[in-house]
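Listed below, chain by chain, are the residues.
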Amino acid sequence: MTSWPRPAEGRALVAPSLLSADFADLGGELASLAGAGADLMHLDVMDGHFVPNLTFGPFICEAIRRLTPVPLDAHLMMTHPHRYLEAFAGAGVDAITIHVEATCDVGAALERIGELGCRRGLSLRPATDVGEVLPLLDRVDLVLVMSVPPGFGGQSFDPAAPDRIAALREARREQGGRWLISVDGGINDRTGALCRQAGADILVSGSWLLKAADRAARTALLRGN
Ligand code: DX5
Ligand code: ZN
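To keep things clear, this report deals only with the structure shown in the data block. (Residues numbered from 1 in each chain as written. Chains lettered and ligands numbered in written order. Predicted model: local features only at pLDDT ≥ 70, side-chain atom pairs only at ≥ 80, totals over all residues. Heavy atoms only, no water.)

**A closer look at the site of ligand 1**
Inspection of the region around ligand 1 gives 19 residues, with Ser 17, Gly 151, Asp 184, Gly 206 and Ser 207 positioned closest. In this structure, His 42 approaches ligand 1 through a side-chain N or O atom, which is 3.4 Å from an oxygen atom. Between ligand 1 and Gly 154, the relevant distance is 2.8 Å, taken from an oxygen atom to a main-chain nitrogen or oxygen of the residue. Listed by contribution, the elements that provide at least two residues to the shell around ligand 1 are β2 (41–46) and β3 (72–77). (Near = heavy atom within 4 Å. Polar contact = N/O pair within 3.5 Å; in protein donor to acceptor, adjacent residues only side chain to side chain. Helix = DSSP H or I, 4+ residues; strand = E, 2+ residues; numbered from the N terminus.)

What follows is the structure in structure tokens.
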């Protein structure tokens, strides 16, 4: 298993979402993001059913794997993620994040992700009660709080997200867990700081980070330098 980063005290890891990348120049984009200081690459997989949009699957993840040594987190916005776990693990991703709202035995799927040698991620939509993930926190390495409805980049940040992050941080403290809290959607310097203060360990950023002329400066802002 690839070594997995942890943030320094008071800082966050930065995970660019490749959804906003130029896929005609994936190698150049990955090199640019790694050079800017990316800690993880966030890969948005959409099935056209769980969300209305379609993106890419294990085939492209495997190509990305060959283009960068940076750890990869595949965010599966899929109704039936359990059917594809072997394929994504085989593509070489380091973490597989599935949704608590997926139509499958989510607990069993998380266990399978671990058996495949990947970090186990669990995500929830903004409309889903945080209580839905609590029974599964004994089998996760990462909880991904969606701060926009999943499906598209460039949407506005859900102002309720920091309180949801803080609730998860409290649940982790009570449990004595070591899983990381990540947040995804509408993240920029301002919303990123709010999430960091609430306890987010990883900030996923798509349009704000990738559309910038100076990605290194924005990465540093998100990290909390
Ligand atoms: C949305 C995706 C996000 C998206 C974030 O469904 O899960 O990862 O790329 O993009 P921004 O940062 O533009 O909201
Ligand atoms: Zn995502």
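**Observations regarding the coordination of the zinc ion (ligand 2)**
Within the protein, the zinc ion (ligand 2) binds to His 42 (NE2), Asp 44 (OD), His 75 (ND1) and Asp 184 (OD); these donor distances fall in the range 2.0 to 2.3 Å. Here the zinc ion (ligand 2) binds 6 donor atoms, and the angle range of 71 to 169° at the metal identifies the geometry as octahedral. In the primary structure, the donors to the zinc ion (ligand 2) are separated according to the pattern H-x1-D-x30-H-x108-D. Of the two residues examined, His 42 and Asp 44, each falls in the buried class. (Donors = N, O, S within 2.8 Å, 3.2 Å for Na, K, Ca; no water. Tetrahedral: all angles 85-135°; square planar, octahedral: opposite > 155°, others 65-115°. Buried < 20%, exposed > 50% of the residue type's maximum accessible area, 1.4 Å probe, protein only.)

**Focus on the environment of Ala 12**
Along the chain, Ala 12 turns up in the segment before β1 (13–16). Assessed through its relative accessible area of 3%, Ala 12 is described here as buried. Between the C-alpha atoms of Ala 12 and Gly 153, which are 141 residues apart in sequence, the distance is 21 Å. Excluding residues within four positions of it along the chain, Ala 12 makes contact with Pro 7, Asp 39, Arg 196, Ala 200, Asp 201, Leu 203, Leu 222 and Arg 223. (Contact = heavy atoms within 4.5 Å.)

**Description of the pattern of salt bridges**
Oppositely charged side chains are able to pair whenever their charged atoms sit close together. Per the counting criterion, the structure on display carries 11 salt bridges. Linking Arg 173 and Glu 170 is a salt bridge whose minimum nitrogen-to-oxygen distance equals 2.7 Å. With Arg 173 and Glu 170 both in helix α5 (residues 161–175), this residue pair falls 3 residues apart, about one helical turn. On the basis of relative accessibility, which here comes to 32%, the residue Glu 170 falls in the partly exposed class. Taking the shortest distance from any N to any O, the salt bridge between Arg 172 and Asp 201 comes out at 3.0 Å. Taken together, the residues span a long stretch of sequence, with Arg 172 in helix α5 and Asp 201 in the loop between α6 (189–198) and β8 (202–205) at a distance of 29 residues. Linked by salt bridges that have partners in common, Glu 86, Arg 112 and Glu 115 make up one network. (Salt bridge = Lys/Arg side-chain N within 4 Å of Asp/Glu carboxyl O.)

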